[in-house]
Amino acid sequence: MAARGAKALNGKAAPQALYQRIRADLEDKILSGRWPPGHRMPFEHELVETYQCSRMTVNKVMSGLAAAGIIERKRRLGSFVAKPVVQSAVLHIPDIQAEIAKRGEAYGYELLARRRRKATKDDLERLGSERSCDVLVLGCRHIAKGRPFAYEERLINLDVVAAAAEIDFASVPPGTWLLGHVPWSEAEHQITACLAEDDARKALALKKPAACLVVERRTWRKNRIITAVRVTYPNDLYRLTARFTPAGRL
């Protein structure tokens, strides 16, 4: 990496171009999950040595990342990859395992399907992307007090989160892993009530067609899609609530 930085300087690249390259490189390490939330960033003098650039350029990069909420700068301690700020979404992104534990109920989890493939047309539609990519396709069952609580169908964009390909997800739920390793900056929820599809009905042990609550969510980091998930809940086990005030009032 140092050689690349030196080449840029020897080639008299514009300072702005070098700044953009360093920032893109650091963002890629964060977005890919190589540097998860809470990871300590290299100190500025280490980055100066790595990229063979000025302290001013590194400071500009770090200030920009901090202003964007990607990192947190702590006096005397250094800079750290910021944790996702779930309050920025209209509905927070839940960790189903944590939600069930918070209710004081025994949690169970089963990985029903795991496959890596080139994104199909339907996959890209779910991801809201026209860009071809590899995806990890997961089917999971969450259990509360011995009863099926939710069926999760998830796509993970491996072009963005390459590290997910190395996780078997047999013991850790994908949502829990993603929240702990991959920062996100934007989320979209869609909530519907409908009859459970065949895979969901089987996973939830529903003996006949039944109305379910379906939550579909997509998350992004800097306009790059991370994951798309569809979670189906039996209608008697899950409730969405919100408490808020009129805009502009406390």
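Criteria and thresholds
Throughout, a residue's number is its position along its own chain's written sequence, starting from 1. Per-residue local features of the predicted model are confined to residues with pLDDT of at least 70, and side-chain atom pairs are confined, for both listing and counting, to 80 or more; whole-chain, interface and lining totals are unaffected and use all residues. The basis for every side-chain value is the complete set of heavy atoms in the structure, and neither hydrogens nor water enter the calculation. Only DSSP runs of H or I with at least four residues qualify as helices, and only runs of E with at least two residues qualify as strands; both kinds are numbered from the N terminus onward. Summary of the burial criterion: residues with accessible area below 20% of their type's maximum are buried, those above 50% are exposed, and those between are partly exposed, where the area comes from a 1.4 Å probe applied to protein chains only. Throughout, a contact is declared for two residues whenever any of their heavy atoms are within 4.5 Å. Accessibility throughout is a Shrake-Rupley quantity obtained with a 1.4 Å probe, and a residue counts as covered only by protein chains that appear here. Taking the helix axis as origin, the arc is that swept by the directions to the C-beta atoms. Comment: axis = line fitted to C-alpha atoms, over the contacting stretch for helices; angle = value between 0 and 180 degrees taken between N-to-C directions. Two helices cross in a left-handed way if the nearer one is turned anticlockwise from the farther one by less than a right angle. They cross in a right-handed way if the turn is clockwise. All residues other than Ala, Val, Leu, Ile, Met, Phe, Trp, Tyr, Cys, Pro, Asp, Glu, Lys and Arg, Gly among them, are scored as polar; the first ten of these are nonpolar and the last four charged. By this definition, two strands are paired if DSSP reports at least two bridges between them. When a carboxyl oxygen of Asp or Glu lies within 4 Å of a side-chain nitrogen of Lys or Arg, that pair is called a salt bridge. Any two cysteine sulfur atoms lying within 2.5 Å of each other are counted as a disulfide. What a helix is expected to span follows from its residue count: subtract one and scale by 1.5 Å.

1. Thoughts on the overall build of the protein
Helix and strand counts for the protein stand at eight helices and eight strands. Looking at the protein residue by residue over its 250 residues, the buried ones come to 44%. Within the protein, contacts between residues separated by at least 24 positions form 63% of all contacts whose residues are at least 6 apart in sequence. Here the protein has roughly 14,400 Å² of accessible surface; of this, 51% comes from carbon and sulfur atoms.

2. Some remarks on helix α3 (residues 44–51)
When α3 is considered as a whole, its buried residues turn out to be E44, L47, V48 and Y51. Each buried residue of α3 sits inside an arc of 105° when the element is viewed along its axis, so together they form one side. Phi turns positive one or two residues past the end of α3, at Q52, with a value near 50°.

3. Focus on the packing of α3 against helix α4 (residues 55–67)
Between α3 and α4, the shortest axis-to-axis distance is 9 Å and the interhelical angle comes to 115°. Judged by the twist between their axes, the crossing of α3 over α4 is right-handed. Residue-level inspection shows E44, H45, L47 and V48 of α3 in contact with α4, the latter providing R55, V58, N59 and M62. Each residue belonging to the contact of α3 with α4 can be placed in one class, and the counts come to four nonpolar, two polar and two charged.

4. Description of the pairing of strand β1 (residues 71–74)
Bridging between β1 and strand β2 (residues 78–81) involves four bridges; their strand directions are antiparallel. Its bridge partner lying in β2, I71 is registered against V81. In this structure, the hairpin formed by β1 and β2 is closed by a connection of three residues, where R76 is found at a positive phi of approximately 70°.

5. Quick notes on the pattern of salt bridges
The final tally for this structure, using the stated rule, is 14 salt bridges. Between R55 and E44 there is a salt bridge, with its nearest N and O atoms 3.0 Å apart. Pair noted here: R55 is in helix α4 and E44 is in helix α3, with a separation of 11 residues, a long-range link. Between R230 and E216 there is a salt bridge whose closest N-O contact spans 3.4 Å. Placement of R230 in strand β8 (residues 224–234) and of E216 in strand β7 (residues 211–221) is noted, with a sequence separation of 14 residues between them. The exposure class assigned to R230 is buried, which follows from its relative accessible area of 17%. Residues participating in the shared-partner salt-bridge network are E44, R55 and R73.

6. Description of the state of the cysteines
The tally for this structure, following the rule as stated, stands at zero disulfides. Note on C194: no disulfide assigned, nearest cysteine sulfur contributed by C212 at a separation of 7.2 Å. C194 sits in the partly exposed class, given a relative accessible area of 32%.

7. As for the sheet that holds strand β3 (residues 107–118)
Taken in spatial order, the six strands line up as β3-β4-β5-β8-β7-β6 in an open sheet, and their pairing is antiparallel. Strand pairing shows two members of the sheet lacking a second neighbour, β3 and β6 (186–195), which therefore form its edges. Neighbour-to-neighbour, the strand axes of this sheet turn through a mean angle of 15°, independent of strand direction. Pairing of β6 with β7, which is carried by 10 bridges, proceeds in the antiparallel orientation. Note on β7: the bridge partner recorded for L195 is A211. Lying over the sheet, helix α7 (residues 174–181) contacts β3, β4 (134–144), β5 (147–157) and β8, oriented at roughly 50° with respect to β5.

8. Describing α4
A rise of 1.5 Å per residue sets the reference length of α4, with its 13 residues, at 18 Å; its end C-alpha atoms lie 18 Å apart and thus fit the reference within 8%. All of the buried residues in α4 are T57, V58, V61, M62, G64 and L65. Along α4, the residues classed as buried sweep out an arc of 160° about the axis, all on the same side. In α4, the exposed positions that point more than 90 degrees away from the buried face belong to R55, M56 and A67. The positive-phi residue at the C-terminal boundary of α4 is G69, with phi of around 80°.

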